[in-house]
Amino acid sequence: MFLEVKNISKKYQQQAEKAVSNISFSVDKGEILAIVGESGSGKTSLLHIIGGLLEPDEGSIFLENERVLPPSARLVAGHPHINIVHQNFKMFPLFNVYDNISYFLRHYNIDYQNHRVSELLSLCKLEGIERKLPNELSGGQLQRVALAVALANRPKLLLLDEPFSNLDASLKLYLKKEIANILKESKTTAIIVTHDPQDAFLLADRIAVLHQGKLLQVDKPHIVYQFPINQYVAQLFGEVNLFDNGTAELFQLTHKQSSIMIRPHDVLIGNKKTLNAVEAAIKTIDFMGAFYRLEVVLPNDKAFIIYTSFTDAQVNEKICVQIDKQKLLIF
Ligand SMILES: Nc1ncnc2c1ncn2[C@@H]1O[C@H](COP(=O)(O)OP(=O)(O)OP(=O)(O)O)[C@@H](O)[C@H]1O
């Protein structure tokens, strides 16, 4: 196994609860893993422990079967083959892009430095702006320089901490795909920490979900979305309609499970009463760009959310709501 995280726990002195609690998983060579969780779920602590920057209370990290020593066992914290890209990457303000990157290659001979910087400029699509100073760069360009710097010495493992937090939405989508391409092209194994599930869907081969320091699920993005392990994971990755007993009865769902849910895009709209359909009044219609979000009120006064690509219905109109039983999330 390329990277193994084994039984890692960490509690900060001032805190009552563990920040990271008995976490184990592994990462394959060349894989991109996203660690997703809300603020305070322990993502950064775990990332720093993996990188040898933070001391765990228990557990070990192995990179290619060699232990990544914790800070207490090293003269300088960190690991020579693991690089980390922080949220607030800062370039040297008086150095241009080229010199900022080559600085991290200063221990190599000048020919290799020039060769590697050219490679990185091409890989990270920075050609043409290599003579620009940091204050002349856009947020996306700055982020690509951060990546070029982090990849300069060909790390075995790259750790990225919320790499998109300082970017606006339009830039984010484009840059996420670019970063995924750069990591894949350079065959870099990476762990990306993010609180945004959309980052994880776009970038990751697998997603690890953290909640209150515990690892809830590690799986491929579509599995985490379609087969979440519990209600918390289901709700983290998008809106869901929860069936209470009354609502389940309305839709003639007989179940013994404790929770049944359905995603709003798996709720169907009919215009006349079809079998098992339930009549509901439209409360709100919001245009969301790629779809309309309807909030409807069921006969038992419960709200239900529906995503639909087209609607000519109006607020207060009645529609028939049907559910696709194959798409129910049952826990
Ligand atoms: N240096 C520290 N001293 C004490 N408690 C800390 C320290 N760093 C983190 N914590 C606590 O540990 C828990 C996990 O924090 P961590 O920063 O790892 O979470 P996170 O998921 O990365 O959060 P965010 O997304 O807000 O950065 C939180 O309760 C936090 O308050």
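Residue numbers run consecutively from 1 along every chain, following the written order of its sequence. Two thresholds apply to this predicted model, a pLDDT of at least 70 for residue-level local features and 80 or more for giving and counting side-chain atom pairs, whereas whole-chain, interface and lining totals are computed over all residues. As a rule here, side-chain values come from all non-hydrogen atoms in the structure, and water together with hydrogens is ignored.

**Overview of the site of the ligand**
Move 1: Distances are taken per atom, and a residue is near a molecule or strand as soon as one of its heavy atoms is within 4 Å of it. Lining the immediate surroundings of the ligand are Tyr 12, Gln 14, Gln 15, Ala 19, Glu 38, Ser 39, Gly 40, Ser 41, Gly 42, Lys 43, Thr 44 and Ser 45.
Move 2: In protein, a polar contact means a hydrogen-donor-capable atom and an acceptor-capable atom, both N or O and within 3.5 Å, with residues adjacent in sequence counting only if both atoms are side-chain atoms; elsewhere, any N or O pair within 3.5 Å suffices. Here an oxygen atom of the ligand sits 2.5 Å away from a polar atom, N or O, in the side chain of Ser 45.
Move 3: Each accessible area is a Shrake-Rupley result for a 1.4 Å probe, and residues are judged covered by the shown protein chains and nothing else. Out of a free accessible area of 630 Å², the ligand has 64% covered by protein chains.
Move 4: Under the grouping applied here, Gly and all other residues not named as nonpolar or charged are polar, the nonpolar ones being Ala, Val, Leu, Ile, Met, Phe, Trp, Tyr, Cys and Pro and the charged ones Asp, Glu, Lys and Arg. The class makeup of the residues in the shell around the ligand is 2 nonpolar, 8 polar and 2 charged.

**Overview of the sheet that holds strand β12 (residues 260-262)**
Move 1: Ordered by their spatial adjacency, 3 strands build an open sheet running β11-β12-β18, and the pairing between neighbours is antiparallel. Two strands in the sheet have a free side with no partner beyond their single neighbour: β11 (241-243) and β18 (329-330).
Move 2: One bridge is not enough; two strands pair if DSSP finds at least two bridges between them. A run of H or I in DSSP becomes a helix once it reaches four residues, and a run of E becomes a strand once it reaches two; helices and strands are each numbered from the N terminus. The pairing of β11 with β12 spans 3 bridges and is classified as antiparallel. Paired with Phe 243 across the two strands is Ile 260, which belongs to β12.

**Notes on the domain arrangement of the protein**
Move 1: Each domain's limits were defined by an automated method or a database of domain assignments. Examined at the domain level, the protein breaks down into domain 1 (3-237) and domain 2 (241-330).
Move 2: Measuring from the centre of the C-alpha atoms in domain 1 to the corresponding centre in domain 2 gives 39 Å.
Move 3: Note on contacts: a residue pair qualifies if any of its non-hydrogen atoms lie within 4.5 Å across the two residues. In this assembly, 6 residues from domain 1 lie in contact with 6 residues from domain 2.
Move 4: A buried area of about 520 Å², summed over both sides, lies between domain 1 and domain 2, and 52% of it is on carbon and sulfur atoms.
Move 5: It is Tyr 225, Gln 231 and Ala 234 in domain 1 that bury the most area against domain 2; as a group they hold 78% of the surface buried on that side.
Move 6: We define a salt bridge as a side-chain nitrogen of Lys or Arg found within 4 Å of a carboxyl oxygen belonging to Asp or Glu. At the junction of domain 1 and domain 2, the tally comes to 0 salt bridges.
Move 7: At the boundary of domain 1 with domain 2, the tally comes to 3 residue pairs in polar contact (both at pLDDT 80 or more).
Move 8: Where the side of domain 1 that touches domain 2 is concerned, the elements lending two or more residues are α7 (221-226) and α8 (231-236).
Move 9: Residue composition of the side of domain 1 that touches domain 2, by class: 4 nonpolar, 2 polar and no charged. Accessible surface is computed with a 1.4 Å probe, and the buried area is the amount of it that two parts give up when combined, taken over both parts together.

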